[in-house]
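# Breakdown of the fold
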Amino acid sequence: VQLQASGGGLVQAGGSRRLSCTISGLNFNRLRMGWFRQARGKEREFVSVIKWSNGDTYYAESVRGRFTISRDDAKNTVYLQMNGLKPEDTAVYYCAADLGSIVFHQMVRAYDYWGQGTLVTVSS
C-alpha cells in the first residue's frame with residue numbers, strides 16, 4: 001500500500017494550490033480518502049473526505065467553500081484544490097485511506113494508511 005502526496009509549496013495569501021495523492025495497493029470498495037493537516041505545534045486536524053464509490057464529500061468548517069476534494073478513478077488519485085488560501089492554512093497536509101471504519105471520518109483513528117505529507121506555506 002502506498003499513498004504518495006504531492007503539490008505542496010509556497011503560495012501567497014489569496015492564492016491557490018492543488019494537492020494530489022496517488023493511491024496504490026488498495027481495494028477501492030468502501031474506500032474513503034481523507035485529507036488532514038498539521039500545523040507546527042498543533043494536533044493533526046481533519047480537512048476533507050471523499051467516499052470513493054459515490055463521490056460524497058465532507059469538509060471541515062474552516063475550509064468549506066474554499067477547498068474542493070475530488071477523485072480521478074482512472075488515475076487512482078485524489079485531489080485537494082485549495083483556493084483563497086490564508087496564512088492559517090499553513091501546515092503539512094496528509095492524505096489518508098479509510099478502508100471502511102465505523103469511526104467518524106473526522107477522526108485520525110478512522111484511517112488505516114497515511115501518505116508522507118506535503119508542506120503548504122501561505123505567506124501574508
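Residues numbered from 1 in each chain as written. Predicted model: local features only at pLDDT ≥ 70, side-chain atom pairs only at ≥ 80, totals over all residues. Heavy atoms only, no water.

### So, the environment of threonine 22
You can see threonine 22 is positioned in strand E3 (residues 17-24). In this structure, the C-alpha to C-alpha distance between threonine 22 and leucine 3, residues 19 residues apart in sequence, is 5.7 Å. When neighbours within four sequence positions are excluded, threonine 22 is seen to be in contact with Gln2, Leu3, Gln4, Lys75, Asn76 and Thr77. Side chain to side chain, threonine 22 and threonine 77 meet in a polar contact 3.4 Å long. (Helix = DSSP H or I, 4+ residues; strand = E, 2+ residues; numbered from the N terminus. Contact = heavy atoms within 4.5 Å. Polar contact = N/O pair within 3.5 Å; in protein donor to acceptor, adjacent residues only side chain to side chain.)

### A short note on the nonpolar core
Of all hydrophobic cores here, the largest spans 35 residues; its most connected members are Met33, Trp35, Leu80 and Tyr93. Counting only elements with at least two residues in this core, the list comes to strand E1 (2-6), E3, strand E4 (32-38), strand E5 (45-51), strand E7 (67-72), strand E8 (77-82), strand E9 (91-98) and strand E11 (118-123). Top contributing element to this core by residue count: E9, with five residues. Sequence-distant contacts of leucine 80, defined by excluding residues within four places in its chain, comprise Arg17, Arg18, Leu19, Trp35, Val47, Ser48, Phe67, Thr68, Ile69 and Tyr93. (Core = buried A, V, L, I, M, F, W, Y, C linked by side-chain atoms within 4.5 Å. Buried < 20%, exposed > 50% of the residue type's maximum accessible area, 1.4 Å probe, protein only.)

### Focus on the environment of valine 11
Among the structural elements, valine 11 can be located in strand E2 (residues 9-12). When its relative accessible area of 10% is taken as the criterion, valine 11 is described as buried. Along the chain, valine 11 and threonine 121 lie 110 residues apart, while their C-alpha atoms are 6.2 Å from each other. Aside from chain neighbours lying at most four places away, what touches valine 11 is Ser16, Leu85, Thr121, Val122 and Ser123.

Taken by themselves, the reported measurements are silent on function.
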